[in-house]
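What follows is each chain in one-letter form.
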Amino acid sequence: MFTMLVKVPKENVEGFLEKLRAKVYGYNSKIKEYEVYLKPYHIVYKNEKKYIYIGKYWYKVTKVNGKLKWIYLGRKKPLDEMPDPPALANFTIMMEGDNYIVDEKMLDQIVRDHLLYG
């Protein structure tokens with residue numbers, strides 16, 4: 001089956017990422033006692049393209065020689081006794097030049113969930 005890619009305006013993607021950060025940072029403030037953090041996305045630069053992987057990425061933060069070091073723990077909630085994190089879909093946003101590109105099915109889900117345009 002063919003998947004169609006759709007260009008999305010930069011301000012809409014950045015607005016979506018800001019809402020996502022706010023949702024996850026609110027959750028992180030509730031779980032401080034567990035000394036782990038949830039990051040809502042991971043950014044990779046490859047071949048002059050920017051890839052934003054949306055999902056649940058768990059980290060522990062420690063200090064090494066006076067500098068903060070983020071230690072990746074995986075994509076699964078690290079401690080069962082922690083409250084459940086907010087729902088986050090797993091998908092990728094690609095940036096090529098000044099254009100953000102999203103899979104059409106994922107864009108439909110984002111719109112349905114009122115995360116991008118709500």
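Here we summarise the structure given alongside this text. (Residues numbered from 1 in each chain as written. Predicted model: local features only at pLDDT ≥ 70, side-chain atom pairs only at ≥ 80, totals over all residues. Heavy atoms only, no water.)

A look at the pairing of strand S5 (residues 91-96)
Then, in step 1: Relative to S5, strand S3 (residues 49-64) runs antiparallel, the two sharing 6 bridges. When the sheet's bridge partners are listed, Lys50 is paired in S5 with Met95.
Then, in step 2: As paired elements, S5 and strand S6 (residues 99-103) share 4 bridges and run antiparallel to each other. Among the inter-strand pairings, Glu96 is bridged to a residue of S6, identified as Asn99.
Then, in step 3: Where S5 folds back on S6, the antiparallel hairpin that results is connected by 2 residues, among which Gly97 adopts a positive phi of roughly 65 degrees. (Pairing = 2+ DSSP bridges. Helix = DSSP H or I, 4+ residues; strand = E, 2+ residues; numbered from the N terminus.)

A look at the side chain of Asn28
Then, in step 1: Tracing the chain through its elements places Asn28 in helix H1 (residues 10-30).
Then, in step 2: Polar contacts involving the side chain of Asn28 include one to the main-chain carbonyl oxygen of Leu38, which spans 2.9 Å. (Polar contact = N/O pair within 3.5 Å; in protein donor to acceptor, adjacent residues only side chain to side chain.)

Comments concerning the packing of aromatic side chains
Then, in step 1: For the structure shown, the criterion picks out 6 aromatic pairs.
Then, in step 2: Relative to Trp58, the ring of Tyr27 lies with its centre 6.2 Å away and its plane at 75 degrees, an arrangement referred to as edge-to-face. Linking Tyr27 in helix H1 with Trp58 in strand S3, this pair joins segments that are 31 residues apart in sequence.
Then, in step 3: On the accessibility criterion, Tyr27 (6% relative accessible area) is buried.
Then, in step 4: What links up through ring pairs into an aromatic cluster is the set Tyr37, Tyr59, Trp70 and Tyr72.
Then, in step 5: Taking NZ or CZ as reference, Lys39 lies 5.0 Å from the ring centre of Trp70, over its face. (Phe/Tyr/Trp six-rings, centres within 6.5 Å; stacked < 30°, edge-to-face > 60°. Buried < 20%, exposed > 50% of the residue type's maximum accessible area, 1.4 Å probe, protein only. Lys NZ or Arg CZ within 6 Å of the ring centre and 35° of its normal.)

Topic: the nonpolar core
Then, in step 1: In terms of nonpolar packing, the biggest core is built from 24 residues, with Phe16, Leu17, Ile52, Ile54, Trp58 and Ile93 touching the most fellow members.
Then, in step 2: Taken together, the elements giving at least two residues each to this core come down to strand S1 (5-8), H1, strand S2 (37-46), S3, S5, S6 and helix H2 (104-112).
Then, in step 3: When residues in this core are grouped by element, the largest group, 6 residues, is from H1. (Core = buried A, V, L, I, M, F, W, Y, C linked by side-chain atoms within 4.5 Å.)

A few points about the environment of Asp98
Then, in step 1: Looking at the element boundaries, Asp98 is found in the loop between S5 and S6.
Then, in step 2: For Asp98, a relative accessible area of 65% gives the class exposed.
Then, in step 3: It is 7.5 Å that separates the C-alpha atoms of Asp98 and Lys10, two residues lying 88 residues apart in sequence.

Re the pattern of salt bridges
Then, in step 1: On inspection of all chains with the given rule, the structure shows 4 salt bridges.
Then, in step 2: Where Glu96 meets Lys49, a salt bridge forms, and the shortest distance between an N and an O atom there is 3.8 Å. Of this pair, Glu96 sits in strand S5 while Lys49 sits in strand S3, and the two are 47 residues apart along the sequence.
Then, in step 3: Residue classification places Glu96 among the partly exposed residues on the basis of a relative accessible area of 38%.
Then, in step 4: One salt bridge connects Asp84 with Lys77, and the closest N-O pair in it is separated by 2.8 Å.
Then, in step 5: According to the relative accessible area criterion, Asp84 is exposed, its value standing at 61%. (Salt bridge = Lys/Arg side-chain N within 4 Å of Asp/Glu carboxyl O.)

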